[in-house]
Amino acid sequence: MTEANSRQTFVTSADGTRISVTVTGRGRPLVLVHGSLSTSADWQRVVDGLADHMTVHALDRRGYGRSEDAAPYSVEREREDVTAVLELAGPDAILFGHSFGGFLSGSLALEHTPAAAILYEPPFFPPGLVADEEALAVYEGLLAAGDLDEALALGMRAFVKAPEEEISAFRSSPAWKVRAAFAPTWAREMRALNAFDSERAPFAKITCPTLVLRGEHSPTWLREGAQRFQQVLPDARLVDLPGQGHDAAGTGPALLAREVLNFVRTLPA
């Protein structure tokens, strides 16, 4: 099953913003929330691996893809976007979030627990602020100067803690310019993460079955944070993705889809 078998629809969020949703497949509904610097289209190969078994509702977060944006930005508005897509998908929908999408999904589940959740390296329990305030100020200065290329490099180094060789390889790939175009949205997301206190968040309230995913080669802080998050949930399992880092949707989509389906098969019908 490919993108040609998908249908495009929109939901209207609580503040009136139109959010794009691509619906693909058949079976139990799953709402897919992508992370920073990407769109739902970057998950198409994972969606294809799920489509014979699940109906995937892949949203474009506000400011990305075909979705609208609105000022001022608020993480609460983003959670309302996800809620609107969950309502479209139905009460038995599974919520799947990656990275910042995992943050949105996990923090939303504190108030509205889904039927089940899958969170791939949500940036909870960082060793200090996710984004150092000094680095974030420099990043925002680069954005103001229109230097998206250097801003992205700084963000990879300071926010993700990516090694220099990985940044260099990424910078020479065709994906770099695509990601750089989204650099302005990263600043507001980092500020949202800095404002969230993982240590005080009542994660034990997330009682639904939960799968926490992490890449074998992901940055240490994301791996350790994923483990801590899994340990405070009452019904969660932690699965490592062998040979993968933070972007298994691009580097190991078949593996990622398989782990999702393995988890879904354990859930009550």
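See above for the structure.
### Quick look at the pairing of strand 7 (residues 210-215)
Here's step 1: In terms of residue burial, strand 7 counts as a mostly covered element, since six of its six residues are buried.
Here's step 2: Residues of strand 7 alternate between two faces, with T210, V212 and R214 on one and L211, L213 and G215 on the opposite face, all of them buried.
Here's step 3: Summarising the sheet, strand 6 (residues 116-120) and strand 7 pair through four bridges and their orientation is parallel. Among the inter-strand pairings, A117 is bridged to a residue of strand 7, identified as T210.
Here's step 4: When strand 7 meets strand 8 (residues 236-241), the two strands line up parallel, connected through six bridges. Looking at strand 8, one finds that G215 is bridged to L241.
Here's step 5: Regarding topology, helix 9 (residues 220-232) serves as the crossover connection from strand 7 to the parallel strand 8, and that connection is right-handed.

### Quick look at the environment of R179
Here's step 1: Locating R179 in the fold gives a position in helix 7 (residues 175-180).
Here's step 2: Judged by its relative accessible area of 15%, R179 is buried.
Here's step 3: Here the alpha-carbon distance between R179 and L37, two residues 142 residues apart in the chain, equals 5.2 Å.
Here's step 4: Excluding residues within four positions of it along the chain, R179 makes contact with L37, D42, L152 and F170.
Here's step 5: A polar contact is formed between the side chain of R179 and the backbone oxygen of L37, at a distance of 3.1 Å.

### A few points about the packing of helix 5 (residues 148-160) against helix 6 (residues 164-171)
Here's step 1: Look at helix 5 against helix 6: their axes get within 10 Å of each other, and the N-to-C directions meet at 150°. When the interaxial angle is binned, helix 5 and helix 6 end up roughly antiparallel. For the pair helix 5 and helix 6, the sense of crossing is right-handed. Taking contact as the criterion, the partners of D149, E150, A153, M156 and R157 in helix 5 are, on helix 6, E164, E166, I167, F170 and R171.
Here's step 2: Across the contact of helix 5 with helix 6, the residue classes tally to four nonpolar, no polar and six charged.

### What to know about the sheet that holds strand 5 (residues 94-98)
Here's step 1: In spatial order, the strands read 1-2-4-3-5-6-7-8; together these eight strands make up an open sheet with mixed pairing. Either end of the sheet is taken by a strand with one partner, and the two such strands are strand 1 (7-12) and strand 8. Across the sheet, the mean angle from the axis of one strand to that of its neighbour is 20°, orientation sign disregarded.
Here's step 2: Against the sheet, helix 9 contacts strand 6, strand 7 and strand 8, and its axis sits at roughly 165° relative to strand 7.

Here is what the cut-offs are and how they apply
Residues numbered from 1 in each chain as written. Predicted model: local features only at pLDDT ≥ 70, side-chain atom pairs only at ≥ 80, totals over all residues. Heavy atoms only, no water. Buried < 20%, exposed > 50% of the residue type's maximum accessible area, 1.4 Å probe, protein only. Helix = DSSP H or I, 4+ residues; strand = E, 2+ residues; numbered from the N terminus. Pairing = 2+ DSSP bridges. Right-handed = clockwise from strand over helix to strand, strands pointing away. Contact = heavy atoms within 4.5 Å. Polar contact = N/O pair within 3.5 Å; in protein donor to acceptor, adjacent residues only side chain to side chain. Axes fitted to C-alpha atoms, helices over the stretch in contact; angles between N-to-C directions. Parallel < 35°, antiparallel > 145°, perpendicular 65-115°, else oblique. Left-handed = near helix turned anticlockwise from the far one by under 90°. Nonpolar A, V, L, I, M, F, W, Y, C, P; charged D, E, K, R; others polar.

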